[in-house]
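Residues per chain are reported as follows:
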Number of protein chains: 2
Amino acid sequence: NASDGCCLEALVPCTMYGHYTQDLGAYAKEEAARLREKSGRRPSATERSLSLENPDYDNGRCGKCCCMLRCKKFLIACVGEDWIFLILLGLFMGLISWGMDYGIDYCLHAQKWVYMSLENNVFLQYLAWVTHAVVLITFSAGFTQLLGSHAVGSGIPEMKTILRGVVLKEYLTCKTFVAKVVSLTSALGSGMPLGKEGPFVHIACLCAAMLSRFMSVFGNVYQNKTRYIEMLSAASAVGLASCFAAPIGGVLFSIEATGTVFLVRNYWRGFLAATISALFFRILAVWDTEEETITALFKTRFSTDFPFDLKELLAFAVLGIASGILGALFVYLNRLIFEFIRNQNFIKNFFMKRRLLYPVLVTILISTLTFPPGFGQFMGSQLTQKESLLSFFDNRTWSKPGTAEDYDYPDFSYAWKHPQVNVFVTLGLFVFMKFWMSALAITMPVPCGSFIPTFVIGAAFGRLAGECMAAWFPDGIYSDGTVYPIVPGAYAVAGAAALSGAVSHTVSTAVIIFELTGQISYLLPVMIAVILANVVAQSFQPSLYDSMIKIKKLPYLPELGWGHNEKYNIRVKDFMTRDVTYITLNCCYRDLQDVLQAGDHLKTLALLKSSQSRILLGSIERVELQAVVSQQLGRPRRLEYLRERAAAKRKRQSVVSHLSSEGISQKATLEVRFQVNQVWSSTPRRTSLCLQRLHSIAMAASLSLHDSSPRLQIEEWEESQLDEPVDFDNCKIEPAPFQLVEHTSLHKTHTMFSLLRLDHAYVTSIGRLIGMVSLKELQKAIDGSLEVKGAKVRPPMASLRDVRSSSCNIEIEATELHKLWDQYNSRSLPRKHLPSDSDEKS
Amino acid sequence: NASDGCCLEALVPCTMYGHYTQDLGAYAKEEAARLREKSGRRPSATERSLSLENPDYDNGRCGKCCCMLRCKKFLIACVGEDWIFLILLGLFMGLISWGMDYGIDYCLHAQKWVYMSLENNVFLQYLAWVTHAVVLITFSAGFTQLLGSHAVGSGIPEMKTILRGVVLKEYLTCKTFVAKVVSLTSALGSGMPLGKEGPFVHIACLCAAMLSRFMSVFGNVYQNKTRYIEMLSAASAVGLASCFAAPIGGVLFSIEATGTVFLVRNYWRGFLAATISALFFRILAVWDTEEETITALFKTRFSTDFPFDLKELLAFAVLGIASGILGALFVYLNRLIFEFIRNQNFIKNFFMKRRLLYPVLVTILISTLTFPPGFGQFMGSQLTQKESLLSFFDNRTWSKPGTAEDYDYPDFSYAWKHPQVNVFVTLGLFVFMKFWMSALAITMPVPCGSFIPTFVIGAAFGRLAGECMAAWFPDGIYSDGTVYPIVPGAYAVAGAAALSGAVSHTVSTAVIIFELTGQISYLLPVMIAVILANVVAQSFQPSLYDSMIKIKKLPYLPELGWGHNEKYNIRVKDFMTRDVTYITLNCCYRDLQDVLQAGDHLKTLALLKSSQSRILLGSIERVELQAVVSQQLGRPRRLEYLRERAAAKRKRQSVVSHLSSEGISQKATLEVRFQVNQVWSSTPRRTSLCLQRLHSIAMAASLSLHDSSPRLQIEEWEESQLDEPVDFDNCKIEPAPFQLVEHTSLHKTHTMFSLLRLDHAYVTSIGRLIGMVSLKELQKAIDGSLEVKGAKVRPPMASLRDVRSSSCNIEIEATELHKLWDQYNSRSLPRKHLPSDSDEKS
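The numbers attached to residues start from 1 for each chain and follow its sequence in the written order. Chain A is the first chain written and ligand 1 is the first ligand written, with later ones labelled in order. A pLDDT threshold of at least 70 governs which residues receive local features in this predicted model, and a stricter bar of 80 or more applies before side-chain atom pairs are shown or counted, although totals over entire chains, interfaces and linings include all residues. Each side-chain value is derived from all of the structure's non-hydrogen atoms; neither hydrogens nor water enter the calculation.

Draft legend 1. Region of interest: the sheet that holds strand β6 (residues 616-621) of chain A. All names here are of chain A. Pairing within the open sheet is mixed, and its four strands lie in the order β4-β5-β6-β7. The sheet is open, and its two borders are formed by β4 (582-584) and β7 (733-734), each paired with just one other strand. Any two strands with at least two DSSP bridges between them are considered paired. In this description a helix means any DSSP run of H or I spanning at least four residues, a strand means any run of E spanning at least two, and both kinds are numbered starting from the N terminus. In the sheet, β6 pairs with β7 via two bridges, with the strands oriented antiparallel. Within β7, the residue paired with Ile620 across the bridge is Ile733.

Draft legend 2. Region of the structure containing the sheet that holds strand β9 (residues 760-765) of chain B. Residue and element names in this part refer to chain B. Spatial strand order, β8-β9-β10: three strands in an open sheet with mixed pairing. At either end of the open sheet lies a strand with only one pairing partner, and these are β8 (739-740) and β10 (768-774). Pairing analysis gives six bridges linking β9 to β10, with the strands arranged antiparallel. The residue bridging Tyr762 from the neighbouring strand is Met772, located in β10.

Draft legend 3. Looking closely at helix α12 (residues 267-287) of chain B. All names here are of chain B. In this scheme, a helix's expected span is set at 1.5 Å multiplied by one less than its residue total. With 21 residues, α12 extends 30 Å between its outermost C-alpha atoms, agreeing within 8% with the 30 Å of an ideal straight helix rising 1.5 Å per residue. Relative accessibility decides the category of a residue: with a 1.4 Å probe and only protein chains considered, values under 20% of the type maximum give buried, values over 50% give exposed, and everything between is partly exposed. Most of α12 sits out of view: 18 of its 21 residues are buried. Phi for Thr289, located one or two positions after α12, is positive at around 55°.

Draft legend 4. Quick peek at the nonpolar core. The set of buried Ala, Val, Leu, Ile, Met, Phe, Trp, Tyr and Cys residues whose side-chain atoms join them within 4.5 Å is what this entry labels a nonpolar core. Ranked by size, the top nonpolar core spans 371 residues in total, and within it A:Leu194, A:Phe392, A:Phe393, B:Leu194, B:Phe392 and B:Phe393 carry the most contacts. We call two residues contacting when some pair of their heavy atoms lies within 4.5 Å. With sequence-adjacent residues up to four places away left out, A:Leu194 is seen in contact with A:Ile137, A:Ala187, A:Leu188, A:Gln385, A:Ala441, A:Ile442, A:Met444, A:Val446, A:Cys448, A:Gly449, A:Ile452 and A:Pro453.

Draft legend 5. Quick peek at the side chain of B:Arg335. Looking at the element boundaries, B:Arg335 is found in helix α13 (residues 312-343). Only four residue types enter the charge count: Lys and Arg as positive, Asp and Glu as negative, with His and the chain ends excluded. The working definition used for a salt bridge is a side-chain nitrogen of Lys or Arg within 4 Å of a carboxyl oxygen of Asp or Glu. For the buried B:Arg335, no salt bridge exists, and the shortest N-O distance to an oppositely charged side chain is 4.2 Å, to B:Glu339.

Draft legend 6. Unusual backbone geometry, seen in detail. Its identity is not glycine, yet A:His505 carries a phi of approximately 55°, on the positive side. Looking at the element boundaries, A:His505 is found in the loop between α19 (488-504) and α20 (509-517).

Draft legend 7. Layout of the confidence of the model for chain A. Residues and elements named next belong to chain A. Per-residue pLDDT for chain A has a mean of 74; in total, 73% of the residues score no lower than 70. Averaged over each element, pLDDT in chain A is lowest for helix α33 (residues 803-806) (31) and highest for α19 (93). Summary of the metric used: pLDDT quantifies the predictor's per-residue confidence within the range 0 to 100. Taken together, the stretch residues 786-842 has pLDDT below 50 and engages in 108 contacts with residues farther than four places along the chain or on a different chain.

Draft legend 8. Inspection of a nonpolar patch on the surface at higher detail. Within this analysis, patches are made of residues with over 30% relative accessible area and no salt bridge. Like charges are joined at 9 Å or less; nonpolar side chains (Val, Leu, Ile, Met, Phe, Trp, Tyr) at 5 Å or less. For every accessible area listed, the method is Shrake-Rupley and the probe measures 1.4 Å; residues are considered covered only by the protein chains on display. Together, A:Leu88, A:Leu91 and A:Phe92 give the surface a local cluster of nonpolar side chains, amounting to about 220 Å² of exposed area. Judged by relative accessible area, A:Phe92 falls into the partly exposed class, the value being 38%.

Draft legend 9. Focus on the pairing of β9(B). Residue and element names in this part refer to chain B. Burial analysis of β9 places six of its six residues in the buried class, the great majority of the element. Residues His760, Tyr762 and Thr764 point to one face of β9 and Ala761, Val763 and Ser765 to the other, with burial holding for every one of them. Orienting the strands away from the viewer, one traces the path from the first strand over the helix to the second; a clockwise path indicates a right-handed crossover. The β-α-β motif built from β8, the intervening helix α31 (residues 746-756) and the parallel element β9 has right-handed crossover chirality.

Draft legend 10. The arrangement of the pattern of salt bridges in detail. Residues and elements named next belong to chain B. One pass over the structure, following the stated rule, counts 16 salt bridges over all chains. For the salt bridge of Glu158 with Lys552, the shortest nitrogen-to-oxygen distance reads 2.6 Å. Residue Glu158 is located in helix α7 (residues 156-163), and its partner Lys552 is located in the loop between α22 (544-551) and α23 (572-575); the two are separated by 394 residues in the primary sequence. The same class applies to Glu158 and to Lys552, which are both buried.

Draft legend 11. Molecular detail of the packing of aromatic side chains. Each Phe, Tyr or Trp ring, with Trp reduced to its six-membered ring, pairs with another whose centre is within 6.5 Å; inter-plane angles below 30 degrees give stacked pairs, above 60 give edge-to-face pairs, and intermediate values give tilted ones. With the rule as written, the count across this model stands at 40 aromatic pairs over all chains. Ring plane angle 70° and centroid distance 6.1 Å describe the contact between B:Trp98 and B:Trp287, whose orientation is recorded as edge-to-face. Taken together, the residues span a long stretch of sequence, with B:Trp98 in helix α5 (residues 82-117) and B:Trp287 in helix α12 at a distance of 189 residues. Of the residues examined, B:Trp287 reaches a relative accessible area of 61% and is grouped as exposed. Ring-pair connections join several aromatic residues into one group, and the members of that group are A:Tyr115, A:Tyr126, A:Trp129 and A:Phe371. The positively charged end of B:Lys196 is found above the aromatic ring belonging to B:Phe200, 4.9 Å away from the centroid. Think of it as a cone above the ring: NZ of Lys or CZ of Arg counts as a charge over the ring if it is within 6 Å of the ring centre and within 35 degrees of the ring normal.

Right, here's the structure in full:
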């Protein structure tokens, strides 16, 4: 529903990547006008379904009509069912994923083909190599620029924000969808170290949003906001599932990456849609005779009988810790690049003017360094990301020659076995170069994800560790008299899961890798590596998505972190803002306008009974209020006023001339309304006075009209309009805004904000508004408490609080009555209910 | 904290399985006395930590002491960290699981050994077979009876209730822990078709509760209720993980089975503890040289290169649907047995008197039927559950002879290849017999789960389906010119996951089976089967756990079900109860007692400013109020009164005799206080009057004492005490009870109740209490709306609502102002604030 489409995106400051340039005022007015227009012509879908609901409406119709209506009703009920929506969503996403993969493969093969066919001229080869990448990236960046700049980046940070309940309207439009799909295909086709999974989460949500808009033609259940968010939440699971054919991992990753809270009743939605989509994605691959049957995407063939020795667990743990450090470093590096570009004014201005220059420069740099006959030969650049991954998961040990096995699957290990340098150098170079390249590449203003790049780097890092282990224990590990060789591929698996988990702060990468490789025998080593990597990374840096949210200055809610117990002792009154913008029931339009023009950018405003009593009646959306004001002062009424003015002038002349011959009362209704009505309705004995005033007004009007200065007049009219009391009758008022009391703890507040996806809550005391907590305040309170890292220090806001409450009391949610009562009595507002109080006591 | 330990378990009616026999009144009084006693001697842990917090306290100490204190502080901070707790929990549970498995294996081998060694006498064999089972089950039932009847059953329903926020205190005691562990070991050792996983969830939670009680010696963070529940939630994941060595599946299953909502910030807790526990569990197995290295529990060896053909997906789908029907049937059958026993008065009384008879009879019946040389030979009874599972997951096709493979792992297929009947009959018999046996066995009053039995039945059912497929396509399925044989073991895997998923209404059984078998190549078929089984089962029956919750009449919150859109249109005012029990600030003890003795069994009571204004000040726990009343009327004060009475009598006599010789004022303080004080403090000129009254009182006292009728006197005293106004000063008042407004929708209410784990919420309008919603009302509202199954019928409670609001309006959370305002004005309570109102308007 349109009124939800709020101006929150307008508050996000103008950044280079994602342009939030719309002016708040202009946007709000536009929005308000649209809303008003809509309310003018009643919403058709609602009306239709209303007529369906109401059997009386169709009483006069014939039986056939009735039958058809019933059919339609049934159809609507069917389409309203979630599972149809989810299956459709799954099918669409499977198709899109497959189609995009097809396109990307085509691009990559084209690059390879051109490169191969120019084998006898290195310079031409280089030119072709670089040009291919530059052209595709430029197209991608330009297309995104042109169609929808919201398609830039991974999309997971934005989805996280949207699933938190914040409406970022432009992120879920059809234009963004087209921009994202086309640009992503070309960006990935360029061979840059970019990923597909993050944008795919966004694409799935876009798909769900569009589908639900389409389905809302049949039934209006799709217009319910709660349901809409539940569907988006399911869609974000589909994104990953259709990308990796990993339904379980997709669901879990989407829960971890995009949500802070998860309703178990949404669980099945995610699983259903994700399974359908993964299935369809793989069926398409089989149908295309790419594969014989449905198997894992990056199938591994490790031994299941003796996958690893217990002693190797230690090596996996070390790998996990190292991956964690690497992951934190990656997030840090990425933020550093972002901030460098943004904070250096010269660079910023330079690139702002030449928007396509930055991606072109980055692409040239990266593709030059990865040019296979050049430096790229030392880092396996002739392989695509997919081929690299397959080679890392290889069963054989590269550092040990002659361990050929009898499997006949594509062997990409040649890329790593350079004649001059050994495999450790190539792998090390790959990790180092790809590390900064990926961190740099994902800053380009094209749709791109960071999951696959970190996944590949992690796999290479793990492979390196595995090869080192294999070199260290060339004969494998002795156990119970038998010797078991070390499998470096398993380390690659663990490293991939650990690094991608560390960067995204998720544990479910472990599940994703099991589904990707089709093997689960390394369950425990991988779990250990992923958990340790998470522990390490989370203690140093926020996740890449949270880092992006901070960079893009999206409204976010930081996590509470691990075991900071002082959070249980901070109360709402310590961090709430007491300076709440509100409107009262008896305010006039001027007050309303002042409030709306004030700097406060909250989505909704509190409605109080009066500024004295401060009794909270409800909250009204800002857009609604904009609409009310613009209706009062808008063009139609202004025109009407001018028309009436002109008519009044004409009438005035006729009245003056025919005053004796015609009755005054007949004309009265046609006269200028806003002032005359008051005068007119008075008693007949004031008629002469009234006529005098009428005359003077009409004279003034004609004068001003003749003087052709309607501006002054309009201003006057506006002034008079602004002094009228606001008519809230057409306003939708939310009668149950979320309320907290002063004593609610920070922990509980955070939980409620996460759980209920709030962006603000009013703090009331016995019905009276005393403050407000918005995401901003909560952020500040949490960040404040997080900065104090030591164990059991004084609670961060202790200075604001009395000594007694800052002591660590266990019964945190209870207080003593007299304190409560004192507070109630000492409330700053004048308590004048004494008569009734005494009444009550009697 | 003890005050949470509420009397909710006392309200659950007396059932045969789990004895909730404690009388509410008695229990509450006991509890109140305990509480009061506690508040007498200040809680030591808190005090100690307070002294640690406050540096001034230790100013006078020496430096060494300071250092030690700092060390202690650091230690406490460390122990307060979650990860230490979680690692300890994981280790403990791994150890317990391994130990129990050891014990169970021992018992089962003993049975087999005795049975084998008596090979030449069938009757003795039979006797040994049955006796073994009967003895162990009897011991298990008896031990449970003796130590803690709360250990009966699976424990998941109770944990679900506890994690919903309801305090069932007796379920998490040390006694219950011992009872559960010992009884479960012996029950499973008997060879009955019982499971280990459900009780293990309970055991893990018991372990966590005990551990957190132990850890609270070091720091009081463990006494925080929110944290406690978060820890329990992690523990329930550990239960399954340590049981199956399936950390991911365990976490997911615990989320699905025990929660309605899930905080992502708890995710890592579950994963950490579950991984540690699974790891330790498997390491112990390796250390015991049972295994060579860590591998899956029920390792399968299916081909990964071509696991299944696309056409087989259809067969898997059919298997899923059939499993769903079977699962629903299982839940229904189980409930039928329960209800039959409970509702037939004769049977109920018979078994209530002879508590051990029922398990003995059931055991004899089942073990007779499964006696291997008897009927058991047709259903593979010589195998344990574990061996059966291994045989079902076998690679080979039983119905096709001569497909020997070169793997050398234990072959249990001999049990199914009976010389007289073919494999279809044995499998079919097994499924049919085990089906009702399992449904019957889990009704025995011993600790037992239903997961493994349904898992085994599902595997057998799947195997049957697979063998049928293999018989139908004896040469396998042609695809691309190659023939691929059908693997019945894969169907067994899918069947196991599907049936257990259908019974427990979870999707994560798919993950569990991947972790159990160590193979994930059948990802999509298994997912499809599980999802379809869930869809079918959920449309027919509640989950087994919900069914148990209903049977045990635990307070629960039903799920909203799929896509019932009318839920968005039911408001709080339609289902709230307007008849709220409350206390007012100026009430006397008599009112309090009346309220407490009334039939309403809610945990907390609303505190209003006065019954006229109905302004909600907060809520007080029932236990607190019990304490206040019992303090006022309790034994100490009564004794004091009697003592004073007696003293007064003596003094009275001495006063009368020595009135002239001694000053009256010296004695005054020793006199009867409650009446005399008033009199005494009056002016000296009323002394004579006073003395007369004193005399008469003392006379009456001595008279009544001599007449040995203090009862009458005490009653009189009590009456006078009851008329005093309540002193709430020592009462802990929760100043922020959760509040809803009338317009909150059922959907939102349900979400909030699930999310915030509420058991009641007050409905207020501008600070005034107008109603209440408790779990009961919510249950009724949901059940009411669930009964109406058809598409888009009239909302269930439409008759209660005005026509306008029942029409399907989209903006469900908003209303028009004048309605709100009218409601505010027409509130039934007398609005006498006119002076202040006019004040506000001026």
